[in-house]
Amino acid sequence: MAKTRTAQTPTARERLLSAAGELFYAEGVQTVGIDRIIEHAGVAKASLYNTFGGKEQLIQAYLESRHASVTGRLLRAIDRVDDPREKLLAVFEAQSELFAQPTYHGCAFVSASAEAKHGSAIEETTDTYRAAIRALFTDLARDAGAAEPEALARQLHLLYDGGGLSARMDRDPSAGATARAAASVLIDAALPKRA
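So, a few notes on the structure that sits alongside this text. These numbers were taken from a predicted model, which means no experiment stands behind them. (Residues numbered from 1 in each chain as written. Predicted model: local features only at pLDDT ≥ 70, side-chain atom pairs only at ≥ 80, totals over all residues. Heavy atoms only, no water.)

Across its full length, the protein holds nine helices and zero strands. C-alpha extents for the protein along the principal axes are approximately 70 × 35 × 30 Å. Taking all 195 residues of the protein together, the buried fraction comes to 41%. Pairs at least 24 apart in sequence give 66% of the contacts found in the protein among residues at least 6 apart. Accessible surface, the protein: about 10800 Å² in total, of which carbon and sulfur atoms supply 53%. Side chains of the protein carry 23 positive and 25 negative charges; the gap between the two charge centres is 4 Å. (Helix = DSSP H or I, 4+ residues; strand = E, 2+ residues; numbered from the N terminus. Buried < 20%, exposed > 50% of the residue type's maximum accessible area, 1.4 Å probe, protein only. Contact = heavy atoms within 4.5 Å. Areas by Shrake-Rupley, 256 points an atom, 1.4 Å probe, with all protein chains shown as cover. Lys, Arg positive; Asp, Glu negative; His and termini not counted. Charge placed at Lys NZ, Arg CZ, Asp CG, Glu CD.)

It is worth spelling out the packing of aromatic side chains at this point. Aromatic ring pairs are described here by two measures, namely the spacing of the ring centres and the angle between the planes. By the definition in use, this model includes five aromatic pairs. On the basis of an interplanar angle of 65° and a centroid distance of 5.3 Å, the ring pair of F24 and Y62 is categorised as edge-to-face. Of the two residues, F24 sits in helix α1 (residues 12–27) while Y62 sits in helix α4 (residues 55–79), which places them 38 residues apart along the sequence. In this structure, F24 and Y62 share a single accessibility class: buried. Taken together, a centroid distance of 5.0 Å and an interplanar angle of 55° make the contact between F99 and Y104 tilted. The two residues F99 and Y104 agree in class, both being buried. Ring pairs connect the aromatic residues F92, F137 and Y160, which therefore count as one cluster. (Phe/Tyr/Trp six-rings, centres within 6.5 Å; stacked < 30°, edge-to-face > 60°.)

Residue placement: K87 occurs in helix α5 (residues 84–99). Nearest to the buried, unbridged K87 among oppositely charged side chains is D79, at 4.7 Å. A polar contact of 2.8 Å, which involves the side chain of K87, links it to the backbone oxygen of V81. (Salt bridge = Lys/Arg side-chain N within 4 Å of Asp/Glu carboxyl O. Polar contact = N/O pair within 3.5 Å; in protein donor to acceptor, adjacent residues only side chain to side chain.)

This brings us to helix α6 (residues 108–115). Among the residues of α6, those classed as buried are A108, F109 and A112. Buried positions in α6, seen along its axis, are confined to an arc of 90° and lie on one side of it. Turning to α6, the residues buried within the fold contact α1, α4 and α7 (121–144). (Arc of directions from axis to C-beta.)

The next thing to look at is the environment of E39. Mapping E39 onto the fold places it in helix α2 (residues 34–41). Its relative accessible area of 66% is what places E39 among the exposed residues. Spatially, the C-alpha atoms of E39 and L16 are 9.5 Å apart, while their sequence positions differ by 23 residues.

Considering all chains together, one arrives at one cavity of 30 Å³ or more under this definition. Approximately 50 Å³ is the volume found for the largest cavity. Lining the largest cavity are F24, Y25, G28, V29, Y62, H105, G106, C107, A108, S111, A112 and E115. Broken down by secondary-structure element, the contributors of at least two residues to the lining of the largest cavity are α1 and α6. Looking at the lining of the largest cavity residue by residue, the classes come out as seven nonpolar, four polar and one charged. (1 Å grid on protein atoms, 1.4 Å probe; cavity = no way out; pocket = protein on both sides within 12 Å on 5 of 7 lines; lining within 4 Å. Points joined across faces, edges and corners; volume = space filled by probe spheres on them. Nonpolar A, V, L, I, M, F, W, Y, C, P; charged D, E, K, R; others polar.)

Rendered as structure tokens:
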């Protein structure tokens, strides 16, 4: 009789992504070898190749999973507030929460792009993530009434990136609060004055 998969039993794909996510995020995408991922996931080597095709595709899937996770976290924070100005600041509050976690190792996309070959699928995936974050800031800036939403989005994106880099390199979770305070000044300068 064939063994049926229960809802609680993760698939080989899920186990590989979980193992890759844990190891890649903590140690880097090029540092971690396939054998460690397979061992950590508890699957056969053929499972990795049958599921993803190779390491680069696994890295790409890991980054896509991170993208979905980050976007979900940011959108949940944004949805908790009603005021358009506060929605822009909610992005930085969500980022601050992440910096406070003991497992924070910096931006997975910065790390992966630093190790990626030009023109690779990994570079393309990191570029897609960056474009999505910029688009989020642009949409929020437009909704808040910024006269130049793209310009404000670029400024806020720089703060977002800088906050992440500072939190990681300086091991300073308060970088999120500093980035939020700077964002507040930029937002107030870019938005029409409130009555």
